Amino acid sequence: MRYLSVLLLILCTGPLAANCVTPSDYHGVVKLSAQQVVIVHRAKTDAGPGYQEMLIRLLPVFEDPEYAPAELTWVITLPAKPLRYDLAQQQALKAGPELHEGLFQLARGQWADRSQFEWPSWLPSNMTERPMESASNVIMNEPDVQVGPYTITPVRTLGNDAAAELNQYLQAHGYPAVPGYSSRYFREADFTYLCVRVTPGQGRANLAGRLDLPPLVVGFETDEPYVPLRFSSELGDFALDLTLVTDKPLDTETFADRRKLLKALSRGYVQLVNLYTLKPLPEQLADALGERAKAADPAHWYVNRIQSQGVNPATENGTPGLQGWDEDLFFRIGGTQDELPGFWYYADQDIPFLERLFREHAMAVFFGAGLLFFASLFIKTRINRKRVQQQAKAND
């Protein structure tokens, strides 16, 4: 817990309107090369609100590696007061993307195993499936670097009071205050802040070299999965690897909008949304979570992933793209209509041979039966029409 506090304080220093804040006497530039996030979200119930635990890791870089600040503070915006925070192993952060990749490969295999049909060439091209493409990992896994203990300080007051307390905290530790325009949205939406301070390891004067921070776990209540991005607008264009694990399917329309907003990499013409597993969470991921996040495994864990090589490109007038967002990044919860068709996708469920045969070829059976029905109806209509014409001639 003590180490976590140090991390939060370090991240609160740096450029104005950024979540990586450096001390006032540091005149260099800090940028963000990448951000990795794994979210586990439990939907709200009659018994209480929704709850989220977020594993998050930043990869900040300094413009001049030889000229680095003595410390750094990471400010994390939250839509509610933090209820849990801890450190996680790198393997826990990898477990989310690996879970999605496994389900994605299963889905590709189950789609390929079904009966195939070639659409006629005269049909519109947007009705034909295109081959799936592979998307490269936008974040490289690199060896851990010891950067010293972390200190986490939650600013628990909401709204205007939280912004005032944040500035009071920053200035008390030698950091510049956050200007009002950069925190207006978070004040009006009653956000709270979590400050993580990062200091050099023993025997080191500053944070020179690659700052490879371990994943941080933060738990808080929210009815919709949330990703803190907007407060990072001054850190340049950075990559994002986001995995969402939820006990309810995400709204597919909203998810498509978020993919477009984040300039997500595509893995094919058909986007597979709400892949699910019937198994418990991977052990490495579950070990990093609190009891509230992993209690009572649902029937399905839905897994979605977004990879982007740059979520904050400059606009035509030169301002960072995130500054133009009206709100920060939330994902809407969907319903049964947002689930993948069950006639061909059965995830990692172990099903009998006959059921698998039906799932793989149900479409072929239904298509063939429908084609046979319409063909027989067409033939019967022609026969009846010919019979009527013959009767009419006979009556004449």
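So, here's what we can say about the structure. (Residues numbered from 1 in each chain as written. Predicted model: local features only at pLDDT ≥ 70, side-chain atom pairs only at ≥ 80, totals over all residues. Heavy atoms only, no water.)

### As for the overall build of the chain
So, step 1. Summing up its helical and strand segments, the chain has eight helices and 13 strands in all.
So, step 2. Across the 396 residues in the chain, those meeting the buried criterion constitute 49%.
So, step 3. Counting only carbon and sulfur atoms, one obtains 53% of the accessible surface of the chain, whose full area is about 19,700 Å². (Helix = DSSP H or I, 4+ residues; strand = E, 2+ residues; numbered from the N terminus. Buried < 20%, exposed > 50% of the residue type's maximum accessible area, 1.4 Å probe, protein only. Areas by Shrake-Rupley, 256 points an atom, 1.4 Å probe, with all protein chains shown as cover.)

### Considerations on the nonpolar core
Across soluble globular proteins, nonpolar side chains have a tendency to be buried as a group.
So, step 1. Ranked by size, the top nonpolar core spans 60 residues in total, and within it Met54, Leu242 and Phe331 carry the most contacts.
So, step 2. Within the second largest apolar cluster, 25 residues are counted, among which are Tyr51, Ala95, Ala286 and Val303. (Core = buried A, V, L, I, M, F, W, Y, C linked by side-chain atoms within 4.5 Å.)

### Let's talk about unusual backbone geometry
So, step 1. In this model, Asp190 sits at a positive phi of 60°, which is unusual for a non-glycine residue.
So, step 2. Along the chain, Asp190 falls in the loop between helix H4 (180-188) and strand S7 (192-198).
So, step 3. Although it is not a glycine, Asn274 adopts a positive phi angle of roughly 65°.
So, step 4. Along the polypeptide, Asn274 turns up in the loop between helix H5 (252-261) and strand S11 (275-277).

### A word on the pattern of salt bridges
So, step 1. A full pass over the atoms with the stated rule returns seven salt bridges.
So, step 2. For Arg305, the salt bridge goes to Asp241, with nearest N and O atoms at 2.7 Å. Of the two residues, Arg305 is situated in strand S12 (residues 301-308) and Asp241 in strand S10 (residues 239-246); the sequence distance between them amounts to 64 residues. There is no split in this pair, since Arg305 and Asp241 are both buried.
So, step 3. Linking Glu291 and Lys294 is a salt bridge whose minimum nitrogen-to-oxygen distance equals 4.0 Å. Taken together, the residues span about one helical turn, with Glu291 and Lys294 both in helix H7 (residues 291-294) at a distance of three residues.
So, step 4. Shared partners join several salt bridges into a network, and the residues in it are Glu53, Arg84 and Asp86. (Salt bridge = Lys/Arg side-chain N within 4 Å of Asp/Glu carboxyl O.)

### Focus: H5
So, step 1. For H5, the set of buried residues is Thr254, Phe255, Arg258 and Arg259. Taken down its axis, H5 places every buried residue within 145° of arc, on the same side. Set apart from the buried face of H5 by more than 90 degrees, the exposed residues are Glu253 and Lys260.
So, step 2. Against S10, S12 and strand S13 (329-330) lie the buried residues of H5. (Arc of directions from axis to C-beta. Contact = heavy atoms within 4.5 Å.)

### Structural notes on the sheet that holds strand S8 (residues 216-221)
So, step 1. What the seven strands build is an open sheet, ordered S5-S8-S3-S2-S10-S12-S11; its pairing is mixed. Only two strands of the sheet have a single partner each, and these edge strands are strand S5 (84-87) and S11. Averaged over all adjacent pairs, the angle separating strand axes in this sheet is 20°, with direction ignored.
So, step 2. Judged from the six bridges that link them, strand S3 (residues 51-62) and S8 form a sheet pairing that is antiparallel. Each residue of the ladder has a partner; that of Gln52, found in S8, is Phe220.
So, step 3. H5 rests against S10 and S12 of the sheet, and its axis sits at about 20° to S12. (Pairing = 2+ DSSP bridges. Axes fitted to C-alpha atoms, helices over the stretch in contact; angles between N-to-C directions.)

### Re the pairing of S12
So, step 1. Taken across its eight residues, S12 has eight buried, putting it largely inside the fold.
So, step 2. Taking every second residue as pointing to the same face, both faces of S12 are buried, with Trp301, Val303, Arg305 and Gln307 on one and Tyr302, Asn304, Ile306 and Ser308 on the other.
So, step 3. Where S10 lies against S12, seven bridges are found, and the strand directions are antiparallel. Paired with Asp241 across the two strands is Gln307, which belongs to S12.
So, step 4. Bridge analysis of S11 against S12 gives three bridges, and the strand direction is antiparallel.

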